[in-house]
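Structure assessment
Each chain, letter by letter, is given below.
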Amino acid sequence: MKIIDRYMLRSLLEPLTYCLLAFSMLFIVLDLFDHLSKILDAKTPLPLIFGYYLALLLPTLEFIAPASLMLGTLYALWHLR
């Protein structure tokens, strides 16, 4: 792998990771606010909540990943100018 390829990959993966994390956290926080009263009433244990949101997040990545990739690519290309 050439040096320029590694540089381009690194310059793309960093913003892509940040965008994926930001969109995922936004989705989880919005869903958590929607279901918080039910979770607190049922006294759900924390590992079960983590498992629920992990299972809920995996199908949602189908919609989150393209937006994150687009924003990450735009950010990486903007920094190359």
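To start, this report covers the structure provided alongside it. In this numbering scheme, every chain counts its residues from 1 along its sequence in written order. For this predicted model, a pLDDT threshold of at least 70 governs which residues receive local features, and a threshold of 80 or more governs which side-chain atom pairs are given and counted, while totals over whole chains, interfaces and linings are taken from all residues. The side-chain numbers reported here are obtained from all heavy atoms of the structure, hydrogens and water having been left aside.

**Some words on the layout of surface pockets**
The condition is simple: Of the grid points, spaced at 1 Å and generated over the protein atoms alone, those admitting a 1.4 Å probe that cannot get out make up cavities, while open sets with protein on both sides within 12 Å along at least five of seven lines make up pockets; any residue with an atom within 4 Å of a point is treated as lining. Grid points are joined across faces, edges and corners, and a volume is the space filled by probe spheres set on the points. The helix count covers DSSP runs of H or I at least four residues long, the strand count covers runs of E at least two residues long, and both are numbered beginning at the N terminus.
Taken as a whole, the largest pocket encloses approximately 190 Å³ of empty space. What lines the largest pocket is Tyr7, Arg10, Ser11, Glu14, Pro15, Tyr18, Tyr75, Ala76, His79 and Leu80. Elements with a minimum of two residues in the lining of the largest pocket: α1 (3–42) and α2 (46–80). The element best represented in the lining of the largest pocket is α1, accounting for six residues.

**Regarding α2**
Because an α-helix packs 3.6 residues into every turn, residues spaced three or four apart end up facing the same way. Applicable threshold: Here a helix's expected span is defined as the number of its residues, less one, multiplied by 1.5 Å. Note that the bend at a residue is defined as the angle between axes fitted to the seven residues ending at it and the seven residues starting at it. Whether a residue is buried, partly exposed or exposed follows from its accessible area with a 1.4 Å probe, protein chains only, as a fraction of its type maximum: under 20%, in between, or over 50%, in that order.
Across its 35 residues, α2 extends only 43 Å between first and last C-alpha, which sits more than 12% below the 51 Å expected from 1.5 Å per residue. At Thr60, α2 shows its strongest bend, of approximately 50 degrees. The complete set of buried residues in α2 reads Ile49, Tyr53, Leu57, Thr60, Ile64, Ser68, Gly72 and Ala76.

**Considerations on the packing of aromatic side chains**
The relative placement of two aromatic rings is captured by the distance of their centres and the angle of their planes. Selection criterion: Stacked, edge-to-face and tilted are the three classes for Phe, Tyr and Trp ring pairs, Trp counted by its six-membered ring, which pair at centre distances within 6.5 Å; planes under 30 degrees apart are stacked, over 60 edge-to-face, the rest tilted.
Counted under the stated rule, the structure contains two aromatic pairs. Taking 4.9 Å as the distance between ring centres and 70 degrees as the angle between the ring planes, the aromatic pair formed by Tyr52 and Tyr53 counts as edge-to-face. Tyr52 sits in the partly exposed class, given a relative accessible area of 39%. You can call Tyr53 buried: its relative accessible area is 6%. With 5.9 Å between their ring centres and 50 degrees between their planes, Tyr75 and Trp78 make a pair best called tilted.

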